[in-house]
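Listed below, chain by chain, are the residues.
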Amino acid sequence: MIEINKDNFEEKIQSETIAVVDFWSPSCVPCKELMPKMEELSSRYEHISFYSLDVSKARRLAIAQKIRSIPCVVFYRDGEQVKSFTGHDATIDAIEAALNEYI
Amino acid sequence: MKSLSYTIINWIDWLKYGEERSFTEGLSKQTVCLFVIVSGTRTPYGQNSEKRNITHGAIRKEELSGKQTEKKDTFFFCLFFYFRLFHGNRERRSQRREKFLIYDVIILGAGPAGLSAGLYAARAKMQTLIFEKSVVGGQIATTHEVENYPGSPENSTGPSLVERMKEQALTFGAELVSAEITKVDFSGKEKKVFVGEQEYTAKSVIVACGATPKQIGCEGEDEFRGRGVCYCATCDGPFFEDKHIVVVGGGDTAVEESLYLSKIAKRVTIIHRRDALRAAKSIQEKAFANEKIDFLWNSVITKIEGQGPVQRIHLENTVTKETSILEADPDDGVLGIFVLVGFNPETQLVEGLIDTENGYIITDAEMRTSQEGVFAAGDIRKKSLRQVVTATADGAIAAVSAEKYVEALAE
């Protein structure tokens, strides 16, 4: 998983294939629980781009992406949101199932 | 003799590198080595310099495909396939071994109750396995301030308390696994716990699954989840910096988190269905003294609305039944709603297997449930006070009871 920030976010999500972004922040404990599972998932799907974005340094960007609750994992295609998982819904099983659906 | 030494060299080579080669995947190493050695001594192709140069993988392939025509080899073929079929590969064997490992105690849940039980059990030298499906620490992992746990330093946070509890349990040898239990079987002497197909066995089980946040249950709540309806103040509070936040609930968690949110938001409104808070007096006083916090008594939310984010909520007075609407500040364009209305016990897994009352597990003072060898601890239990301190106390008692039970089994 690659750490991105507000400056290179737009560029990274402009991909014809699925790009997966994990929005997190240092004060969010559920986010930190999800992170290693996402790392593991990304190592199994090497051909998919996995990014993590610290929203405490990019709050405006997150809000512009209509994200007001984390952990939030969003799937992008051509820069458009196609699927998102928030809070209790952001389980690794649900994310992997959706990943298989979109790739 | 040349061919014999050649195969032995191959054998050693293979022991060193065999695992990495795809050709050998799934083959039982020793079995094939045996075959190579035995058949090698009987097939004198070692004289042939051309064949000596080919890789040993290829030699084996050649042998296995039966290019060596000696009839005796058929016997070794049979021997090989016999071993291949009945002795399986290493991975399968280790899985089988894992399946037969019997723990002294399996603890379901790694909140304060589960971690405390894990600490006591591991200190008693019991083989201890703790399962957690989502967040280690449970509810306190998402609570900003925990000021009522005895001995906690001032301004100690929920996550830091959890981290210390976890480290302590692991130091004494408890195992912590992040997985969701899908099924349990408490009927036999050996208690079984399933994670999908994987089976774990223990002599005793401590159920410490805790409770999950309750929802309001009003129209629009699910629709706006993650778009203004939140359940974790420390996670999502910062999204509502200098905005108006509504907190629903009147217990310790609701009021404590309102105090935390008041540092971020420009205004916090606590909506409570009664006319008095349930929270501890000391935090109530802090909330009443806080200029940013105001209250809407005897009120419930009936509907959440908005285009995009949450923009307005419909309220009903529980006494007069009057309805009203709370709009987001036009400058903000968004309203943050934090739902902190209490918790539901996580008893789905053990439903019907042990006695419960209103969803909470009934135990005696030793934390024994209606099922022998199964104990319960923490918020999942039927009890009068659900706090971190009572959860950890439950965990300690449950672990000691489980230890006594396991010892009695051995006698």
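Relevant structure appears above.
Throughout what follows, the structure given in this document is the object of discussion. What you see is a predicted model; the values in this text were computed from it and never measured.

### Comments concerning the overall build of chain B
When its secondary structure is counted, chain B shows 12 helices and 19 strands. For chain B, buried positions account for 48% of its 411 residues. A sequence separation of at least 24 residues applies to 61% of the contacts in chain B between residues at least 6 apart. Accessible area of chain B: about 20,800 Å², with a carbon and sulfur share of 51%.

### Structural notes on the pairing of strand 5 (residues 80-86) of chain A
Residue and element names in this part refer to chain A. Relative to strand 5, strand 4 (residues 72-77) runs antiparallel, the two sharing 6 bridges. For F75, the partnering residue across the bridge sits in strand 5 and is K83. Between strand 4 and strand 5, which pair antiparallel and follow one another directly, the connecting turn spans 2 residues, one of which, D78, has a positive phi of 50 degrees.

### So, the packing of aromatic side chains
The geometry of an aromatic ring pair comes down to the distance between the two centres and the angle between the two planes. The full count for this structure, using the stated rule, is 9 aromatic pairs over all chains. A ring pair is formed by B:F131 and B:Y200, whose centres lie 5.0 Å apart and whose planes are at 75 degrees; its orientation type is edge-to-face. Pair noted here: B:F131 is in strand 2 (residues 128-132) and B:Y200 is in strand 6 (residues 198-207), with a separation of 69 residues, a long-range link. The burial state of B:F131 is the same as that of B:Y200; both residues are buried. By the ring-pair criterion, three or more aromatic residues cluster together here, those being A:F9, A:F23 and A:Y76. Sitting over the face of the ring of B:F172, B:R123 holds its NZ or CZ atom 5.3 Å from the ring centroid. Over the face of the ring belonging to B:F194 we find B:K183, whose NZ or CZ atom lies 4.6 Å from the ring centre.

### Some words on the environment of B:V246
Residues and elements named next belong to chain B. Note that V246 resides in strand 9 (residues 244-248). Distance from V246 to L326, taken between C-alpha atoms, is 9.8 Å for residues 80 residues apart in sequence. When residues no more than four places from it in sequence are discounted, the contact partners of V246 are T269, I271, I313, L326, L335, G336, I337 and F338.

### Here's the deal with the packing of helix 2 (residues 29-44) of chain A against helix 4 (residues 92-102) of chain A
Residue and element names in this part refer to chain A. In contact at an axis separation of 10 Å, helix 2 and helix 4 are set at 30 degrees when each is read in the N-to-C sense. Viewed along their axes, helix 2 and helix 4 adopt a mutual orientation that is roughly parallel. Here helix 2 and helix 4 pass one another in a crossing that is right-handed. Along the contact surface, helix 2 presents L34, K37, M38, L41 and R44, while helix 4 presents I92, I95, E96 and L99. In terms of residue class, the contact of helix 2 with helix 4 is built from 6 nonpolar, no polar and 3 charged.

### A closer look at the sheet that holds strand 9 of chain B
Residue and element names in this part refer to chain B. Pairing within the open sheet is parallel, and its 5 strands lie in the order 8-15-9-10-11. Since the sheet does not close on itself, it has two edges, and those belong to strand 8 (229-230) and strand 11 (293-296), each with one partner. As defined by bridge partners, strand 9 adjoins strand 15 (residues 335-339) across 5 bridges and the pair is classed as parallel. Along strand 15, the bridge assignment pairs H244 with L335. Sheet strands touched by helix 10 (residues 252-262): strand 9, strand 10 (267-271), strand 11 and strand 15. Its angle to strand 9, the strand with the most contacts, is close to 170 degrees.

Analysis parameters
- Residues numbered from 1 in each chain as written.
- Chains lettered and ligands numbered in written order.
- Predicted model: local features only at pLDDT ≥ 70, side-chain atom pairs only at ≥ 80, totals over all residues.
- Heavy atoms only, no water.
- Helix = DSSP H or I, 4+ residues; strand = E, 2+ residues; numbered from the N terminus.
- Buried < 20%, exposed > 50% of the residue type's maximum accessible area, 1.4 Å probe, protein only.
- Contact = heavy atoms within 4.5 Å.
- Areas by Shrake-Rupley, 256 points an atom, 1.4 Å probe, with all protein chains shown as cover.
- Pairing = 2+ DSSP bridges.
- Phe/Tyr/Trp six-rings, centres within 6.5 Å; stacked < 30°, edge-to-face > 60°.
- Lys NZ or Arg CZ within 6 Å of the ring centre and 35° of its normal.
- Axes fitted to C-alpha atoms, helices over the stretch in contact; angles between N-to-C directions.
- Parallel < 35°, antiparallel > 145°, perpendicular 65-115°, else oblique.
- Left-handed = near helix turned anticlockwise from the far one by under 90°.
- Nonpolar A, V, L, I, M, F, W, Y, C, P; charged D, E, K, R; others polar.

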